[in-house]
Amino acid sequence: MKKNYYLMSDGILKRKENTLYFHNKDSKKPIPISKIYSIYSYGSLSFSSQAVHLLAKEGVPIHFFNYYGFYDGSFYPRETLLSGDLLIKQAENYLDHEKRIVIAGKFVEGVAHNMQKVLSYYKIENGIGEILNDLDSCREITEFMNVEGRIRAHYYEKMDLILPDCYKMEGRSRRPPENMINALMSFGNSLIYSTVLSEIYNTQLNPTISYLHEPSERRYSLALDLSEIFKPILVDRLIFYLINKKMLQEKDFEHDLNYCLLNDQGRKKFIKEYDERLKKTIKHRKLNRKVSYRRLIRLEAYKLIKHLIGSEEYKPFVMWW
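Here is a short report on the structure shown in this document.

## Some points on the overall build of the protein
- Scanning the protein from terminus to terminus reveals 9 helices and 12 strands.
- A compact globule built from 321 residues would reach a C-alpha radius of gyration of about 20 Å, and the protein, at 20 Å, matches this within 12%.
- Considering only C-alpha atoms, the protein reaches an extent of 60 × 55 × 40 Å along its principal axes.
- Looking at the protein as a whole, 54% of its 321 residues are labelled buried.

Laid out in structure tokens, this is it:
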């Protein structure tokens, strides 16, 4: 079975036949190409052209993160699952304002309902539904983004009712995160974005054409759209789990006057549990079989494809557990 590889130290990626080797100052680790799903690099990574050729041939992306754990960019192999028809449909649904706002609204609904599920699990009363009602009057993308932003701000306020005192958010801060909970959210959100991007790569969707977020240069904005739906499920619930089980302590963070970040030890703990969560399976209601959390993301992309080609209306994934 293929899996994600997380490279946490500086090193060099080299190729010998159909095996990659990760060399760092302490060891030489073989990584058979047939076992790699995606690579996540958190150190300074150099690689030979032969290694790149093999990764491209096998369709393996590399996601790069900077010193602070923020997403920097990806090596995105040449797309092999090409569909001119779907690309045209994707563009049509973006260019047609009425079609675009339908999809944008569905994304906001998915975000809101999954946030409600998280809060309900902890028996926290919330007013997210009241804010969500404002979607009915939205006619511009900026208005949809405004509703989503208000829902998110309200959600963050309620999160503080779940968290212990030392982890209170007291407002979202990003670059840089100002406290431990913001550091965890920023790190987790970078992970889910790159995970979603890997899943989009394995479909015929173009990752640069999006509907809620504006397409722009230097980012895969469709990954931003889809990752919003899964942040509450894969990032926020994981954060609560790590904190409540006391699997993270203050020693897992690096503090400075103006920022707070996970240190190497903290990142390894978070990534270990995140990767385990991606592998975790649930019984899918519609398919009537077990699927992994990672597979749920791919299925969401397939549902969007069906909507774009007009075969089935898109309904965002909402957890039921």
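## Section: the nonpolar core
- Residues Phe107, Ile151, Leu184, Leu191, Leu205, Phe230 and Phe270 are the most contacted members of the largest nonpolar core, which totals 87 residues.
- Where this core is concerned, the elements lending two or more residues are helix H3 (97–121), helix H4 (128–132), helix H5 (141–159), helix H6 (180–201), helix H7 (221–244), strand S10 (260–262), helix H8 (264–279) and helix H9 (293–308).
- For this core, the element with the highest residue contribution is H7, accounting for 14 residues.
- In this structure, phenylalanine 270 is in contact with Leu184, Phe187, Gly188, Leu191, Leu238, Ile239, Leu242 and Leu262, ignoring residues within four places of it in sequence.
- The next biggest cluster of nonpolar side chains, apart from the first, holds 16 residues, and it includes Leu13, Leu20, Ile39 and Leu54.

## Overview of the sheet that holds strand S5 (residues 36–41)
- Read across the sheet, 4 strands follow the order S1-S5-S7-S8 without closing on themselves; strand pairing throughout is mixed. Here the strands that pair on one side only, and so sit at the sheet edges, are strand S1 (3–7) and strand S8 (71–75). Averaged over all pairs of adjacent strands, the angle between their axes in this sheet comes to 20 degrees, without regard to strand direction.
- Bridging between strand S7 (residues 62–65) and S8 involves 4 bridges; their strand directions are antiparallel. Paired with phenylalanine 64 across the two strands is glycine 73, which belongs to S8.

## Here we look at the environment of tyrosine 122
- Within the element layout of this structure, tyrosine 122 appears in the loop between H3 and H4.
- In this structure, the C-alpha to C-alpha distance between tyrosine 122 and glutamate 170, residues 48 residues apart in sequence, is 19 Å.
- Setting aside residues no more than four positions away along its own chain, tyrosine 122 makes contact with Ile162, Phe240 and Asn244.

## Looking at the packing of H3 against H5
- Across the interface, H3 lies against H5 with an axial gap of 10 Å and an inter-helix angle of 5 degrees. Considered as vectors, H3 and H5 are oriented roughly parallel to each other. Contact residues: H3 offers Arg100, Ile101, Ala104, Gly105, Val108, Val111, Ala112, Met115, Val118 and Leu119, while H5 offers Ile141, Phe144, Val147, Glu148, Ile151, Arg152, Tyr155, Lys158 and Met159.
- Taken together, the residues of the contact of H3 with H5 sort by class into 14 nonpolar, 1 polar and 4 charged.

## Digging into unusual backbone geometry
- A positive phi is found at glutamate 17, a non-glycine position, where the angle reads about 55 degrees.
- As for its placement among the helices and strands, glutamate 17 is situated in the loop between strand S2 (11–16) and strand S3 (19–23).
- The class of glutamate 17 is exposed, set by a relative accessible area of 66%.
- A positive phi angle, close to 60 degrees, is found at asparagine 288, a residue other than glycine.
- Examined against the element boundaries, asparagine 288 turns out to sit in the loop between strand S11 (281–283) and strand S12 (290–292).

## Thoughts on the packing of H6 against H7
- At a minimum axis distance of 8 Å, the contact between H6 and H7 shows a crossing angle of 135 degrees. Between H6 and H7, the angle falls in the class oblique. Crossing of H6 over H7 shows right-handed handedness. Facing Ile181, Leu184, Met185, Gly188, Asn189, Ile192, Tyr193, Val196, Leu197 and Ile200 of H6, the residues of H7 in contact are Leu222, Ala223, Leu224, Leu226, Ser227, Phe230, Lys231, Leu234, Val235, Asp236, Ile239 and Ile243.
- Taken together, the residues that form the contact of H6 with H7 break down as 17 nonpolar, 3 polar and 2 charged.

## Overview of the pattern of salt bridges
- Here the structure, examined in full by the defined rule, presents 15 salt bridges.
- A salt bridge links glutamate 148 to arginine 152; its shortest N-O distance comes to 2.8 Å. One end of the pair is glutamate 148 and the other is arginine 152, both in helix H5 and 4 residues apart, which spans about a single turn. Of the two residues examined, glutamate 148 and arginine 152, each falls in the buried class.
- In this structure, aspartate 252 and lysine 269 form a salt bridge, with 3.1 Å as the shortest nitrogen-oxygen distance.

Parameters and conventions
Residues numbered from 1 in each chain as written. Predicted model: local features only at pLDDT ≥ 70, side-chain atom pairs only at ≥ 80, totals over all residues. Heavy atoms only, no water. Helix = DSSP H or I, 4+ residues; strand = E, 2+ residues; numbered from the N terminus. Rg over C-alpha atoms; globule rule 2.2 N^0.38 Å. Buried < 20%, exposed > 50% of the residue type's maximum accessible area, 1.4 Å probe, protein only. Core = buried A, V, L, I, M, F, W, Y, C linked by side-chain atoms within 4.5 Å. Contact = heavy atoms within 4.5 Å. Pairing = 2+ DSSP bridges. Axes fitted to C-alpha atoms, helices over the stretch in contact; angles between N-to-C directions. Parallel < 35°, antiparallel > 145°, perpendicular 65-115°, else oblique. Nonpolar A, V, L, I, M, F, W, Y, C, P; charged D, E, K, R; others polar. Left-handed = near helix turned anticlockwise from the far one by under 90°. Salt bridge = Lys/Arg side-chain N within 4 Å of Asp/Glu carboxyl O.

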